[in-house]
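# Residue-level structure breakdown
As a plain string of letters, each chain reads:
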Amino acid sequence: MDEPVTLEHGQLLTLLFTATQESHLNLGPLKEVASIFSGHGDREEETMVPVLEFFRAITGHENFPDIDFLKAKADEFRTEEPVMLREHREIMDILGRMEKEGGAVQLVLENLSAFMERHSNMEEYYLYPLTFHACSLIDSL
Ligand SMILES: [Fe+2]
Ligand SMILES: [Fe+2]
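Summary of the structure given here. Quick caveat, the model's predicted, so the values are computed rather than measured. (Residues numbered from 1 in each chain as written. Chains lettered and ligands numbered in written order. Predicted model: local features only at pLDDT ≥ 70, side-chain atom pairs only at ≥ 80, totals over all residues.)

Another point: the environment of Glu-62. For Glu-62, the location among the structural elements is in the loop between α3 (48-58) and α4 (67-101). Judged by local crowding, Glu-62 falls into the exposed class, with 12 C-beta atoms found within 10 Å. Considered as a pair, Glu-62 and Ala-19 are 43 residues apart in the sequence and their alpha carbons are 37 Å apart. In contact with Glu-62, other than residues within four places in its own chain, are Glu-53, Arg-56 and Ala-57. (Helix = DSSP H or I, 4+ residues; strand = E, 2+ residues; numbered from the N terminus. Buried ≥ 20, exposed ≤ 12 C-beta atoms within 10 Å, placed from the backbone. Contact = placed C-beta atoms within 7 Å.)

Right, dumping it as structure tokens:
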């Protein structure tokens, strides 16, 4: 099974690329979103995803990762989480402004905004708190 957060990042980047091809009026803001999101996705995949894999390891779905590696990733996640929250706001602000400005809002832009909001909400409601919980469990290893 592919890791779902990474999979969604790929789908969002594809949607962003499609939007830049189809929305010439919004090219500047879309490129800004793509630039923030590209670094943002990497940050989550390098910090949150490895920490969350701890849960799969303790339920026997993955081989147990190296403990020093997990501890380092837990520290990185805690450092990067405020940055990632800020990036969610920045991305949604730019997309929100584009939606308000565009007289005839393109379907691709609406889809991108809805998908991005759902993805970020899922992370902020469930995945970031779960990652913090994994971090405290990792601390006690
Ligand atoms: Fe994400
Ligand atoms: Fe995110």
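Time to look at the environment of Glu-3. With respect to the secondary-structure elements, Glu-3 resides in the segment before α1 (4-22). With 13 C-beta atoms counted inside 10 Å, the residue Glu-3 sits in the partly exposed group. Here the alpha-carbon distance between Glu-3 and Lys-31, two residues 28 residues apart in the chain, equals 26 Å.

Right, let's talk about α4 for a bit. The end-to-end C-alpha separation of α4 is 49 Å, in line with the 51 Å expected for 35 residues at 1.5 Å each. Helix geometry: α4 is bent most strongly at Glu-80, by close to 40 degrees, with proline Pro-82 lying one to four residues after it. Residues of α4 that are buried: Leu-70, Lys-73, Ala-74, Phe-77, Met-84, His-88, Ile-91, Leu-95 and Met-98. (Expected span 1.5 Å × (residues − 1). Bend = angle between axes of the 7 residues up to and from the residue.)

Shape descriptors only; they carry no functional weight alone.
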